[in-house]
Each structure stands twice: as C-alpha cells, then as structure tokens.
Amino acid sequence: MLGAAALLASEPPERMASAQPSPVIEKFIVDDRGGDQRLPRVDGSWVVWEDYRRTQPSPTASPTVGAGTPTPPPGTPVAVNWLADIRVRDLAQAESRRLPAEINAMNPVVSGDLAAWIEVTSKGDYDLVVYDLDDREIVRRIESGGAHAKPAISGRKLVWQDGRNPTADIRMYDLDKKEESVIQEGDGQQTRPAIQGNLVAWEDDRDGGRIWYKDLSSGSLQRIDNLNAAFEPAVYGKYIVFRSGGNADDPQDAGIYVFDTTNRSANQVSSTRAGK
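From a predicted model like this one, the values you see are computed outputs, not experimental measurements.

Novice: I'd like to hear about the nonpolar core, residue by residue, with values.
Specialist: Counting 14 residues, the largest nonpolar core has Leu128, Val130, Ile142, Leu158 and Trp160 as the members making the most contacts within it. Breaking this core down by element, the ones donating at least two residues are strand 7 (105-111), strand 8 (114-120), strand 9 (126-132) and strand 12 (157-162). Looking at this core, the element that brings in the most residues is strand 8, giving four residues. Ignoring any residue separated from it by four or fewer positions in sequence, one finds leucine 158 in contact with Ala116, Leu128, Val130, Ile142, Pro151, Ala152, Ile153, Arg171, Met172 and Tyr173. Ala194, Phe242, Tyr257 and Phe259 belong to the second-largest nonpolar core, a separate cluster that totals 13 residues.

Novice: Hey, could you go over the side chain of serine 154 for me, with residue numbers and the actual values?
Specialist: On the secondary structure map, serine 154 appears in strand 11 (residues 148-154). Using a relative accessible area of 14% as the deciding quantity, one classes serine 154 as buried. Side-chain polar atoms of serine 154 contact the backbone nitrogen of glycine 197, separated by 2.9 Å.

Novice: So what's going on with a nonpolar patch on the surface? Which residues, and what values?
Specialist: Taken together, the side chains of Val241, Ile256 and Val269 make up a nonpolar region of the molecular surface, amounting to roughly 210 Å² of accessible area. With respect to the secondary-structure elements, isoleucine 256 resides in strand 21 (residues 255-260).

Definitions and limits used
Residues numbered from 1 in each chain as written. Predicted model: local features only at pLDDT ≥ 70, side-chain atom pairs only at ≥ 80, totals over all residues. Heavy atoms only, no water. Core = buried A, V, L, I, M, F, W, Y, C linked by side-chain atoms within 4.5 Å. Buried < 20%, exposed > 50% of the residue type's maximum accessible area, 1.4 Å probe, protein only. Helix = DSSP H or I, 4+ residues; strand = E, 2+ residues; numbered from the N terminus. Contact = heavy atoms within 4.5 Å. Polar contact = N/O pair within 3.5 Å; in protein donor to acceptor, adjacent residues only side chain to side chain. Patch = residues over 30% accessible without salt bridge, like charges linked within 9 Å, V, L, I, M, F, W, Y side chains within 5 Å. Areas by Shrake-Rupley, 256 points an atom, 1.4 Å probe, with all protein chains shown as cover. Salt bridge = Lys/Arg side-chain N within 4 Å of Asp/Glu carboxyl O.

Geometric descriptors of this kind do not, in isolation, establish any biological role.
Here's what the structure looks like:
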C-alpha cells in the first residue's frame with residue numbers, strides 16, 4: 001500500500017511563526033494493490049513508485065501478487081526480483097497508470113511533468129528513460145553501454161551515478177541543450193547524486209568519505225570539510241542535508257547535518273545517539 005499525508009495549516013502565514021497552531025494531518029491512500037509498492041517520489045500532484053503487482057516474487061518475504069500465482073511454502077528460498085513496473089498517479093485523478101510496458105524498471109524520480117527511471121534492456125544494460133507525464137511519451141532514452149544508477153531530476157536536468165568507467169562517476173543530461181556532461185569523474189567512487197536547481201551534491205569516498213557539491217551556474221566544485229563518513233545527500237535551495245556516521249548501508253551512531261553553501265557552515269539537527 002502506498003499512502004500520503006497532507007499538512008494543513010489552520011492559520012495564515014503571517015501568524016504561524018508566533019501562534020504556532022497545531023497542524024492537521026490528512027491521510028489518504030495513493031495506491032493499494034496486491035504486491036509491493038516501493039520507493040515513492042512526489043513533486044506537485046505527481047507521485048511515482050515501483051510497483052510489483054505483476055512481479056513474482058516481490059521483495060516482501062511473503063509475496064502477495066497475482067491471483068493464482070503460487071506462494072512458495074515456508075522455508076523455501078526466494079530469489080527476490082527487484083525489477084518492477086513504474087506507476088504514476090496524478091493526485092487530482094482517482095486512478096494510477098503503468099508507464100513502461102515491461103516489468104523491467106526501478107528507481108523512479110519525478111520533477112514537474114517529467115519522470116525518469118532505470119530500465120534494464122534485453123542486453124542487460126541499465127538505461128535511463130525520461131518520460132513526459134502530460135504528453136504520455138518517452139522524451140529521451142540515455143544509453144551508454146554502462147550501468148546507470150541512482151537517478152535524480154530537477155526541472156530539465158537529470159543526474160545519475162554512471163558505471164561506464166572502473167569507478168562510479170556523476171554525469172548529467174540537460175534536456176534543453178540535448179547534451180550529456182561530466183559532473184565529477186576521477187579517483188574513488190562518486191555515488192548517490194542529488195540535484196535541485198543548479199546545485200548538485202553526491203557522496204565521494206575520497207578523503208574518508210565526504211559530500212562534494214558543484215554549482216552548475218559557476219562551475220565551482222567544493223567539498224564539505226570536517227565531516228567524513230558522509231552519505232545520502234539531499235539538496236534544496238542553498239542547503240545540503242546529509243548523514244554523517246555509520247557506513248553507506250548502516251546509519252548506526254550517525255547524525256543529520258544541514259550545510260549552508262553560502263557561508264559554508266554545517267549544523268547538526270539530529271543524532272541516533274541517546275535518541276536525539
């Protein structure tokens with residue numbers, strides 16, 4: 001089941017800072033079908049996700065897809081199939097719809113009326129597909145013969161973790177310019193990019209594992225210093241939010257930090273230690 005919640009303010013904006021009214025949470029179901037619905041992403045009224053209703057077995061321990069599809073007996077090893085449909089719903093509409101025709105996709109993202117995802121070809125390549133949700137058509141398929149992973153999209157710019165070289169790099173495609181470019185390529189692994197506007201951030205395992213970022217308007221490339229073992233960046237405006245601590249897959253003893261790219265200051269906002 002895929003659900004959502006809307007945060008409704010009961011006071012006008014000019015009074016919210018002082019009055020701080022209690023928010024009202026409105027929950028509603030985006031999609032509720034057999035099988036798994038995973039990795040939802042939302043922008044505006046568009047929601048996209050991986051959908052496993054046509055997949056057997058799905059990533060859950062007890063698959064529930066497809067009437068008449070046998071479920072393995074308890075104790076039977078299950079080879080998980082991580083390939084799925086990509087489905088989308090406009091929250092102004094009642095029903096969702098499937099995007100690719102085949103069950104061969106993963107990692108959907110959305111920005112405005114554009115969605116993108118990873119699609120596994122019959123040759124085993126991992127291509128990037130960009131799809132116009134309003135016009136209901138594919139606008140770009142990015143093929144390189146290598147493995148694309150971890151896409152992120154903002155407006156008409158798409159970034160991803162690229163696997164055509166021995167170590168992962170960060171690349172970008174500009175749909176307006178119709179050109180691909182390198183954001184960061186070099187020693188070490190550059191992974192899990194995030195983008196918003198002209199700001200791109202990613203994990204970089206050089207120097208003990210840091211967050212690096214690039215301003216696309218100026219070309220400035222910088223590193224967030226003094227915080228290593230840094231993972232999972234997200235960007236908004238001038239801010240980069242990330243986790244520092246643990247490892248790439250385990251957030252034990254990690255803290256959440258907000259970094260201001262204008263004054264290059266980082267503030268810790270949460271920690272897993274002592275329940276903070």
